[in-house]
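Residue-level listing of the chains:
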Amino acid sequence: MTARACRFAAKGLGGLILLWQAGNAVAGRFVHPYLIPDLVVAALLISSAVVRNERVAASRMIAAFVGTACVFASATWSAIARDGFSTGRLMTAIGLLPCLVCLIALIRRRPRIGRP
């Protein structure tokens, strides 16, 4: 996976999180425990993906994907502990996959040495 694909994934995941929160607001579930973390990680994902400097973007995307993975994991495990396992919990857990794939891709990249 390339840095360009990770940027696309960051923008897409950030946009999906914002759409999810808009859907919650329309359904009347505007205030819930993951509102602020979701908004913060969505902003981090989108803002990190538009940075022009490749090294700065990569470090910001790593931080954004780690934060997003933590929010997904926390939401999944707290819901499982509270309500038990269901297909909705599985869908939340699937949100971890793009985070982990992009983290591995960004961490395995070797920085260019020499002229940019």
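Here, every reference points to the structure presented above.
Residues numbered from 1 in each chain as written. Predicted model: local features only at pLDDT ≥ 70, side-chain atom pairs only at ≥ 80, totals over all residues. Heavy atoms only, no water.

Draft legend 1. Just the overall build of the protein, in detail. Summing up its helical and strand segments, the protein has five helices and zero strands in all. Counting helices and strands in the order they occur from the N terminus, the protein gives α-α-α-α-α. The C-alpha extent of the protein, read off along each of the three principal axes, is 55 × 25 × 15 Å. Going through the 116 residues of the protein one by one, you find that 32% of them count as buried. Of the roughly 7,700 Å² of accessible surface on the protein, 69% is carried by carbon and sulfur atoms. (Helix = DSSP H or I, 4+ residues; strand = E, 2+ residues; numbered from the N terminus. Buried < 20%, exposed > 50% of the residue type's maximum accessible area, 1.4 Å probe, protein only. Areas by Shrake-Rupley, 256 points an atom, 1.4 Å probe, with all protein chains shown as cover.)

Draft legend 2. Representation of the nonpolar core in the model. Ranked by internal contacts, the top residues of the largest apolar core, which has 24 residues, are Leu13, Leu45, Met61 and Phe65. Taken together, the elements giving at least two residues each to this core come down to helix H1 (3-26), helix H2 (35-49), helix H3 (54-83) and helix H5 (96-108). Take this core: its biggest share by element is eight residues, from H3. If we skip the residues at most four places from it in the chain, Met61 touches Ala3, Cys6, Arg7, Ala10, Ser48, Ala49 and Leu106. (Core = buried A, V, L, I, M, F, W, Y, C linked by side-chain atoms within 4.5 Å. Contact = heavy atoms within 4.5 Å.)

Draft legend 3. Looking closely at the side chain of Ser48. Considering the arrangement of structural elements, one finds Ser48 in helix H2. Excluding its chain neighbours within four sequence positions, the residues that come into contact with Ser48 are Ala57, Arg60, Met61 and Ala64.

Draft legend 4. Fine view of H2. End to end, H2 covers 21 Å across 15 residues, agreeing with the expected 21 Å (1.5 Å per residue, within 8%). Among the residues making up H2, those that are buried are Leu35, Asp38, Val41, Ala42, Leu45, Ser48 and Ala49. Buried-residue contacts for H2 involve H1 and H3. (Expected span 1.5 Å × (residues − 1).)

Draft legend 5. Main features of the pattern of salt bridges. Considering all chains together, one arrives at one salt bridge under this definition. The closest approach of N and O atoms between Arg82 and Asp83, which form a salt bridge, is 3.2 Å. Exposure remark for Arg82: the relative accessible area of 59% places this residue in the exposed category. According to the relative accessible area criterion, Asp83 is partly exposed, its value standing at 48%. (Salt bridge = Lys/Arg side-chain N within 4 Å of Asp/Glu carboxyl O.)

Draft legend 6. Structural context of a nonpolar patch on the surface. Judged by side-chain polarity, Leu18, Ile36, Leu39, Val40 and Leu44 come together as a nonpolar surface patch covering roughly 410 Å² of accessible area. For the nonpolar patch, the element with the most residues is H2, which contributes four residues. (Patch = residues over 30% accessible without salt bridge, like charges linked within 9 Å, V, L, I, M, F, W, Y side chains within 5 Å.)

Draft legend 7. View of the environment of Ala42. Mapped onto the fold, Ala42 is located in helix H2. Among the residues examined, Ala42 registers a relative accessible area of 0% and is labelled buried. Residues Ala42 and Leu13 lie 29 residues apart in sequence; the distance between their C-alpha atoms is 7.4 Å. What Ala42 contacts, discounting residues up to four positions off in sequence, is Gly14, Ile17 and Leu18.

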